[in-house]
Amino acid sequence: MSALAASEAPVAPLLELRDLVTRFDLRAGLFGKVAGRVHAVEKVSLQIFPGETLALVGESGCGKSTVARTIMQLDRPTSGSIRYRGGELVGAGRQAVVQFRREAQMVFQDPFSSLNPRMTIAQTLIDPMRVHRLGRGRDLRERAAELLARVELPPEHLDRYPHAFSGGQRQRICIARALALEPKLLIADEAVASLDVTIQAQVINLLMDLQAEMGIAILFISHDMAVVERMAHRVAVMYLGEIVEIGTRREVFNNPQHPYTRKLLSTVPIADPTRRPDSRPLMADEIPSAVRPADYVPVHLPMRQISDSHFVRESAEG
């Protein structure tokens, strides 16, 4: 399965996942025998190209965050491949992982717990640069001030502590910290979910401006299809650990093929009353549990090609 980025040029993917599987053993009894497994990520294949935003969407519990944690080597994959700039990360040595983590940074959902309350903003921004030996002394301080300016915060905030900031300001600081190492890939895991709508829009605009300025690729993880429609170049829909549909933003939003994609889109508010359907199905069903017996062997239905860049997984619902 392959898809081109927003540009027509056949560029190589920055990051590529091939048949990625991440499962977690559940142990029980005196001897800790494996009693079951959480099938968090199942045969996920996708590509992220330089300078594009790929949105990974789905409800809580579908495996989106586990994909992010596995990419960052925080969770160990059960099988599959993670290739960054052509090099394999699964089983790679420590030096390769450290280099990757310098070039790939994460912004988490909760800006309150993402910042150390005992560190000033200057310390928060300078720390990763010092670890990677990107300067010293006054140079690092000046660089920290530049990072704050880049996320539209004044330099006098450097000596304040996180409790002095609002949620939106804290998330800007988290973005500034992620930019400190000049990454090529930014993974935003529900990065605007905890913010109110006005602040969400500001942070989204900031991310889009930074992408245009720096050319970074963004893996944007979200459950909010309205935010995704604003942000993404391409969209991958995830359900029970699998990618069930992937395509350009226009293809997925205008021509959704999978029943789960259509359910997600039914939750997007439509401002124009003339465009609202007479009735919209409520998304009341919960995602089934991903816990399976220890000997369970999953069945993976094939992907069907709709267009050059639009694929949908065969569904039992048709």
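Residues numbered from 1 in each chain as written. Predicted model: local features only at pLDDT ≥ 70, side-chain atom pairs only at ≥ 80, totals over all residues. Heavy atoms only, no water.

### Concerning the sheet that holds strand β1 (residues 15–28)
Working definition: the strands of a sheet are paired by backbone hydrogen bonds and lie parallel or antiparallel to each other.
Then, number 1: Read across the sheet, five strands follow the order β5-β4-β1-β2-β11 without closing on themselves; strand pairing throughout is antiparallel. Of all strands in the sheet, those with a lone pairing partner are β5 (87–88) and β11 (291–293), marking the two edges.
Then, number 2: Strand direction decides the pairing type here: strand β4 (residues 79–84) and β5, joined by two bridges, are antiparallel. Within β5, the residue paired with Arg83 across the bridge is Glu88. (Pairing = 2+ DSSP bridges. Helix = DSSP H or I, 4+ residues; strand = E, 2+ residues; numbered from the N terminus.)

### Quick look at the nonpolar core
Then, number 1: Ranked by size, the top nonpolar core spans 52 residues in total, and within it Val57, Leu125, Ile175, Phe220, Val228, Val235 and Val237 carry the most contacts.
Then, number 2: Sorting elements by how many residues they give to this core places helix α6 (residues 167–179) first, with six residues.
Then, number 3: Ignoring anything within four residues of it in the chain, the contact list for Val237 reads Val57, Glu242, Ile243, Val244, Glu245, Val252, Tyr260, Thr261 and Leu264.
Then, number 4: The next biggest cluster of nonpolar side chains, apart from the first, holds 32 residues, and it includes Ala40, Val41, Leu56 and Ile82. (Core = buried A, V, L, I, M, F, W, Y, C linked by side-chain atoms within 4.5 Å. Buried < 20%, exposed > 50% of the residue type's maximum accessible area, 1.4 Å probe, protein only. Contact = heavy atoms within 4.5 Å.)

### Observations concerning the confidence of the model for the chain
Then, number 1: In the predicted model, the chain carries a mean pLDDT of 88, and the fraction of residues at 70 or more is 90%.
Then, number 2: Across the chain, the secondary-structure element scoring lowest on mean pLDDT is helix α3 (residues 111–114), at 84, and the one scoring highest is strand β3 (residues 53–57), at 97. (pLDDT = per-residue confidence, 0-100.)

### Regarding the environment of Phe100
Then, number 1: Examined against the element boundaries, Phe100 turns out to sit in helix α2 (residues 94–103).
Then, number 2: Taking C-alpha positions, Phe100 is 9.2 Å from Pro183, a pair spaced 83 residues apart along the chain.
Then, number 3: Excluding residues that lie within four positions of it along the chain, Phe100 makes contacts with Ile71, Met72, Tyr84 and Leu89.

### Some words on the packing of helix α4 (residues 121–131) against helix α5 (residues 137–150)
Then, number 1: Contact pair α4 / α5: the axes reach a minimum separation of 9 Å and the direction vectors enclose 115°. One element, α4, and the other, α5, form an angle in the roughly perpendicular class. The element α4 and its partner α5 pack so that their crossing is right-handed. Facing Ile121, Ala122, Leu125, Ile126, Met129 and Arg130 of α4, the residues of α5 in contact are Leu140, Arg141, Arg143, Ala144, Leu147 and Leu148.
Then, number 2: Of the residues that constitute the contact of α4 with α5, the class distribution is nine nonpolar, no polar and three charged. (Axes fitted to C-alpha atoms, helices over the stretch in contact; angles between N-to-C directions. Parallel < 35°, antiparallel > 145°, perpendicular 65-115°, else oblique. Left-handed = near helix turned anticlockwise from the far one by under 90°. Nonpolar A, V, L, I, M, F, W, Y, C, P; charged D, E, K, R; others polar.)

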